[in-house]
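A closer look at the structure
As a plain string of letters, each chain reads:
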2 protein chains.
Amino acid sequence: MSQAETVILEKQLCFAVYSASHAFTRAYRTLLEPLGLTYPQYLVLLVLWERDGMRVKEIGARLFLDSGTLTPLLKRLEGIGYVRRIRDANDERQVSIMLTPAGQALEAKAAAVPKDLQCLIGVPGDEIGMLAEQVAKLRNGLQHASGELGTRELEGE
Amino acid sequence: MSQAETVILEKQLCFAVYSASHAFTRAYRTLLEPLGLTYPQYLVLLVLWERDGMRVKEIGARLFLDSGTLTPLLKRLEGIGYVRRIRDANDERQVSIMLTPAGQALEAKAAAVPKDLQCLIGVPGDEIGMLAEQVAKLRNGLQHASGELGTRELEGE
DNA sequence: GCAATTTTAATTGCACACGATTTAATGTTG
DNA sequence: CAACATTAAATCGTGTGCAATTAAAATTGC
């Protein structure tokens, strides 16, 4: 039984996503290196360029990351000089992340990145959008299902 | 200009893949925890269950990982008792990874994992296969394109 | 046959990720 | 308003990922 049902790695959606994610990160590394950014740092800036002054919690909700990941990352971004971390005067539990002038100016410098990457992907532009939508739906399904797992332990089957 | 062309995070294929990959890892964590495995460790075992005794380099080629990642991971798998690392007597640079009896026995215990996860995905079974294929193709394209980047620096544009 | 090159792992250093815990501040409730 | 609960970050420990370097062994050229 064990031999007959050997799992084929290449057919697994999860592995495809896992390995594609790393391939993306590697591709971005080359493009972002001139800006002194890693891909997760770039993601945080994308969020802030959309709306400046977001709190750590909000950024985390947007990127599906928690404070354990974001706090050190944001401190590095602050160290580079792209953001400032400002504790809210009204509610001192919260920390707002503000772009510095350098951080704002970076948006223009990073403008070419998405186009450069799109050239690398080697997939027709219209397919990219559809694929992104499908993968996002997949993520949302998993996100929801994982929450369930904590409660009911899948033992019923 | 900067405001008009703001990059919308949710439309980016890369972010979808990045966040879906983490969602997968989280989902697997719950399923693999009883086996004492992380997802990358599980991937290595999948490869070894297909063919035992592979060298580090071969495993890396299969999973798109290098020795910097695999060496410590394999040492942990050895510490748990699922594999042994055996240095080739003929070519002492090479290390073969052999499953222990416990590592072999684990295949049967892990047999339920893919099915359990498929239930969580919430995507019709036939779509999963197609999606996996598309994402794998995307990864292969990126993999190839990233190799190019090192040589010609995209400066032509 | 031996020096130069190539190949294979290991090692090192840095940056995520995330579960779990801690700390501090804020809400809530009797 | 005091006890309790909730919330937001920070902290801690473990485990990836990967570039760069090192070390050892095999291969090649001459």
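Preceding this section is the structure that the text describes.
Residues numbered from 1 in each chain as written. Chains lettered and ligands numbered in written order. Predicted model: local features only at pLDDT ≥ 70, side-chain atom pairs only at ≥ 80, totals over all residues. Heavy atoms only, no water.

**Quick word on the protein's contact with DNA strand D**
Taken together, 30 residues form the shell around DNA strand D, and within it A:Y18, A:R26, A:T71, B:T38 and B:N90 come nearest. Each atom of DNA strand D within 4 Å of the protein belongs either to a base or to sugar and phosphate, the latter forming 74%. A:R85 places a side-chain nitrogen or oxygen 2.7 Å from a phosphate oxygen of DNA strand D. A distance of 3.2 Å is found between a base oxygen of DNA strand D and a side-chain nitrogen or oxygen belonging to A:R93. Of all the elements in the fold, those that place two or more residues in the surface near DNA strand D are α1 (13–32), α3 (56–63), α4 (67–80) and β1 (83–87) of chain A together with α2 (39–50) and α4 (67–80) of chain B. Of the residues assigned to the surface near DNA strand D, the class counts are 7 nonpolar, 10 polar and 13 charged. (Near = heavy atom within 4 Å. Polar contact = N/O pair within 3.5 Å; in protein donor to acceptor, adjacent residues only side chain to side chain. Helix = DSSP H or I, 4+ residues; strand = E, 2+ residues; numbered from the N terminus. Nonpolar A, V, L, I, M, F, W, Y, C, P; charged D, E, K, R; others polar.)

**Points about the protein's contact with DNA strand C**
With respect to spatial proximity, 30 residues lie near DNA strand C, and among them A:T38, B:Y18, B:R26, B:K57 and B:R93 are the closest. Here A:N90 contributes a backbone N or O atom positioned 3.0 Å from a phosphate oxygen of DNA strand C. Among the secondary structure elements, those contributing two or more residues to the surface near DNA strand C are α2 (39–50) and α4 of chain A together with α1 (13–32), α3 (56–63), α4 and β1 (83–87) of chain B. Looking at the surface near DNA strand C residue by residue, the classes come out as 7 nonpolar, 10 polar and 13 charged.

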